[in-house]
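This is what each chain is made of:
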Amino acid sequence: MATSENPMFLRQRLRERLKKDRERTGRTQQHVADRFGWSPSKVIRIENGKIAVSITDAMAMADFYDLSPEERDEVIALARAARGPSWYAPYKEVLTPELETYIACEESASIVRAFERNAMPGLIQTEEYARALLQTLQGLDGALGERRLELQVTLRMQRQKVLESVDSKFFFILDESVLRRIIGSEAIMRQQRETLLRISELPNVTASYVPFTAGAYPIYRTPYQIFEFDDGDPVAYLENTDGEAILTERASSYSRNILGPADYLDIFQKLEKDPEKGRNGPAQPLTEESVFGNSNG
């Protein structure tokens, strides 16, 4: 899915557009509030994304900002599209706010990079692998547990449709432990390894692994993902024992002790082996021998 189709990013584009149009006219948030009989806090919440923009409000603001008929139509169309439900709305029961943002970034980014040290990336997992992994990690049981498990597995499988996008590129780097760790059973792992090799051959996918012989390397204990966009700063996602975290450049700039998305991007690229780009990291291309190791008989 392109960035322009994702409701979360459409809402972001709409509020950024309205704020930019307001500032272009020289009007303040107080001017807007006075014009429509709103509280100033409503304008602030609209522009920082705390509340949605109704189509009626978007029309009124477009007129107040003296937009041309074409620009007005663009804003109204954007407001209509932004209020549409996301495809993952039926999975709200198992979605954290961080995961919802993650999925929106995943399907809207022009480049997705993922480093994994424990398990296969969600976009590469087979249904059997995902089910075995989630069942083990969460210890779900009973009818409610089974329902949540199936929702999570189905959501993960649906997310993989993003790999079909010709507009996005995906780069995966796996620690060798991901290839060697048995999840579920040997049969599940064989199918998973075959799937990994098949996906790695897609024209928009580059997958590699860091062998054990490379030893320790920067933040090798922390899985992370980086999302790059055509028209915005990169975003990073971390998942560890303390929970999930979405990192932006703006948030990380407030502390010297917090790595930002650009830092993770730099670390990721230093792992890559790409002589054409002057990168000579420890990551190695995936082959049948490296993926299956001694397990292929």
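Everything numeric in this text was worked out from a predicted model, so none of it was measured.

**Student:** Lay out the overall build of the chain with the relevant residues and their values.
**Tutor:** Per the secondary structure count, the chain includes 13 helices and nine strands. Considering only C-alpha atoms, the chain reaches an extent of 75 × 50 × 35 Å along its principal axes. The buried share among the 297 residues of the chain stands at 45%. Of the contacts made within the chain by residues no fewer than 6 positions apart, 69% connect residues no fewer than 24 positions apart.

**Student:** Quick one: what's the story with the packing of aromatic side chains, residue by residue and with numbers?
**Tutor:** This structure, assessed with the given rule, holds 12 aromatic pairs. Each residue in the set Phe115, Tyr217, Tyr220, Tyr224, Tyr264 and Phe268 is aromatic and connected to the rest through ring pairs, giving one cluster. Across the ring face of phenylalanine 171, the terminal group of arginine 113 is positioned such that the distance to the ring centre comes to 4.7 Å.

**Student:** Which residues make up the pairing of strand β1 (residues 111–116), and what are the values?
**Tutor:** Working note: regular strand, side chains alternate between the two faces of the sheet. Of all six residues in β1, six are buried; the element is thus mostly enclosed. Here β1 shows two buried faces, one formed by Ile111, Arg113 and Phe115 and the other by Val112, Ala114 and Glu116. In this structure, β1 lies alongside strand β2 (residues 169–175), joined through six bridges in parallel fashion. Looking across to β2, one finds that isoleucine 111 is bridged to lysine 169. Pairing between β1 and strand β4 (residues 224–229): five bridges, direction antiparallel. Counted as the bridge partner of alanine 114 is glutamine 225 from β4.

**Student:** Give me the environment of leucine 179: which residues, what numbers.
**Tutor:** Relative to the helices and strands, leucine 179 resides in helix α9 (residues 176–180). Judged by its relative accessible area of 0%, leucine 179 is buried. Along the primary structure leucine 179 and isoleucine 199 are separated by 20 residues, whereas in three dimensions their C-alpha atoms are 15 Å apart. When near neighbours in sequence (up to four residues on either side) are disregarded, leucine 179 contacts Met120, Leu174, Met189, Arg193, Leu196, Tyr209, Leu286, Ser290 and Val291.

**Student:** Can you tell me about the nonpolar core, naming the residues and giving the values?
**Tutor:** Counting residues in hydrophobic clusters, the biggest one holds 45 residues, and the most contacted among them are Tyr129, Leu155, Phe170, Phe172, Leu196, Phe227 and Leu286. Excluding its chain neighbours within four sequence positions, the residues that come into contact with phenylalanine 227 are Tyr102, Cys105, Glu106, Ala109, Ile111, Val112, Pro234, Val235 and Tyr237. Within the second largest apolar cluster, 19 residues are counted, among which are Leu10, Ala33, Leu67 and Ala82.

**Student:** I'd love a proper account of helix α7 (residues 127–138), names of residues and values included.
**Tutor:** Residues separated by three or four positions in an α-helix point in the same direction, a consequence of the helix having 3.6 residues per turn. Helix length check: α7 (12 residues) gives 16 Å between terminal C-alpha atoms against 16 Å at 1.5 Å per residue, within 8%. Taken as a whole, α7 has its buried residues at Tyr129, Ala130, Ala132, Leu133 and Leu134. Backbone geometry just downstream of α7 places glycine 139 in the positive-phi region, at approximately 55°.

**Student:** Any details on the packing of α7 against helix α10 (residues 186–200)? Residues and values, ideally.
**Tutor:** At a minimum axis separation of 8 Å, α7 and α10 run at an interaxial angle of 125°. As summarised for this structure, α7 and α10 are arranged oblique, according to the angle between their axes. Read as a crossing pair, α7 and α10 show a hand that is left-handed. Contacts between α7 and α10 involve Glu128, Tyr129 and Ala132 from the first element and Ile188, Met189, Gln191 and Gln192 from the second. Here the residues of the contact of α7 with α10 sort into four nonpolar, two polar and one charged.

**Student:** Outline the environment of alanine 236, listing residues and values.
**Tutor:** With respect to the secondary-structure elements, alanine 236 resides in strand β5 (residues 232–240). Sequence separation of alanine 236 and alanine 79 is 157 residues, and the distance between their C-alpha atoms is 27 Å. If sequence neighbours within four positions are ignored, alanine 236 has contacts with Gln225, Ile226, Ala245, Ile246, Leu247, Pro261 and Tyr264.

The rules we used
- Residues numbered from 1 in each chain as written.
- Predicted model: local features only at pLDDT ≥ 70, side-chain atom pairs only at ≥ 80, totals over all residues.
- Heavy atoms only, no water.
- Helix = DSSP H or I, 4+ residues; strand = E, 2+ residues; numbered from the N terminus.
- Buried < 20%, exposed > 50% of the residue type's maximum accessible area, 1.4 Å probe, protein only.
- Contact = heavy atoms within 4.5 Å.
- Phe/Tyr/Trp six-rings, centres within 6.5 Å; stacked < 30°, edge-to-face > 60°.
- Lys NZ or Arg CZ within 6 Å of the ring centre and 35° of its normal.
- Pairing = 2+ DSSP bridges.
- Core = buried A, V, L, I, M, F, W, Y, C linked by side-chain atoms within 4.5 Å.
- Expected span 1.5 Å × (residues − 1).
- Axes fitted to C-alpha atoms, helices over the stretch in contact; angles between N-to-C directions.
- Parallel < 35°, antiparallel > 145°, perpendicular 65-115°, else oblique.
- Left-handed = near helix turned anticlockwise from the far one by under 90°.
- Nonpolar A, V, L, I, M, F, W, Y, C, P; charged D, E, K, R; others polar.

Limitation: the analysis is restricted to geometry and does not speak to function.
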